[in-house]
Amino acid sequence: MRTFADHVIQFNKSLHFEGKLPPGIRIMNPFREQAHIMDVMQQFYKKFYDDTAGRQLIMGINPGRLGSGATGVPFSDTKRLADECGIHIEGFKTHEPSSVFVYDVIHAYGGVKAFYGDFYISSVCPLGFTADTANGKVVNYNYYDSKELTAAVYELIVNSIRQQLDFGISRKVCYCMGTGKNVAFLQGLNEREHFFEQIIPLEHPRFVMQYKLKTKQVYVDKYLEAFAANKP
């Protein structure tokens, strides 16, 4: 019988986009662009998801360059993977503030084994995007940052969520990281596709770390309260 890890690994290996993107926007598929990421990703899921248990789904926006774009694991930078998960990436280091918040939540929940045993973190759009600024700097770009991009990747989003539901994900609730455009899109999509009984919005880790750092614990507690209230 295929494990949850087997499903995730196969899903990530098969991710691709063949559509046409708006001018100036580039696709970011870490599993095809950087050789080490496939190995790191497989190590992570084999370590924490190599079973047939179900999970609740937490959805971010789309991969970013310093998060899963560098590690293949959502909301995990190289430091958190090494220190918290025992998975080491040689040759470079990344620090992702969103990862700091997520691992604060994980600690408060009971640690990596307990958390990853109950939850699976993914993204509304499974592939990321980049764009160039006026001064030539490469920046992250979100699937909802333009109507043209949202339309271009709509089918990818729908099909990827359908595929992931077959891993053994609960349809009772989906936790959405992002209380603005991300949850608005996901709730509208859910009304059409009926993926989940309920979408629960939670502040995005990046928002907390950038704007609410002094009251970070309030948001950690909010995550925990939502998890407790909707425990299977």
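Quick caveat, the model's predicted, so the values are computed rather than measured.

**Details of the side chain of Asp77**
Right, on to step 1. Here Asp77 is to be found in the loop between helix 4 (68-71) and helix 5 (78-85).
Right, on to step 2. For Asp77, a relative accessible area of 0% puts it in the buried group.
Right, on to step 3. Those residues in contact with Asp77 that lie beyond four places of it in its chain are Leu66, Thr71, Thr94, His95, Glu96 and Ser99.

**Topic: the nonpolar core**
Right, on to step 1. Membership of the largest hydrophobic core comes to 78 residues, with the highest contact counts inside it found for Phe44, Tyr116, Tyr143 and Val153.
Right, on to step 2. Ignoring anything within four residues of it in the chain, the contact list for Tyr116 reads Phe44, Phe48, Tyr49, Arg55, Ser76, Cys85, Tyr103 and Ile106.

**Some remarks on the side chain of Ser122**
Right, on to step 1. The residue Ser122 is located in strand 3 (residues 119-123) in this model.
Right, on to step 2. You can call Ser122 buried: its relative accessible area is 7%.
Right, on to step 3. Ignoring any residue separated from it by four or fewer positions in sequence, one finds Ser122 in contact with Leu57, Ile58, Met59, Gly60 and Gln164.

**With respect to helix 5**
Along an α-helix, residues three or four apart share an orientation, since each turn contains 3.6 residues.
Right, on to step 1. Restricting attention to buried positions, one finds in helix 5 the residues Thr78, Arg80, Leu81, Ala82 and Cys85.
Right, on to step 2. For helix 5, the secondary structure elements touched by its buried residues are helix 3 (35-48), helix 4, helix 6 (97-109) and helix 7 (112-118).
Right, on to step 3. Positive phi shows up at Gly86, right after helix 5, with a value of about 70 degrees.

Parameters and conventions
- Residues numbered from 1 in each chain as written.
- Predicted model: local features only at pLDDT ≥ 70, side-chain atom pairs only at ≥ 80, totals over all residues.
- Heavy atoms only, no water.
- Helix = DSSP H or I, 4+ residues; strand = E, 2+ residues; numbered from the N terminus.
- Buried < 20%, exposed > 50% of the residue type's maximum accessible area, 1.4 Å probe, protein only.
- Contact = heavy atoms within 4.5 Å.
- Core = buried A, V, L, I, M, F, W, Y, C linked by side-chain atoms within 4.5 Å.

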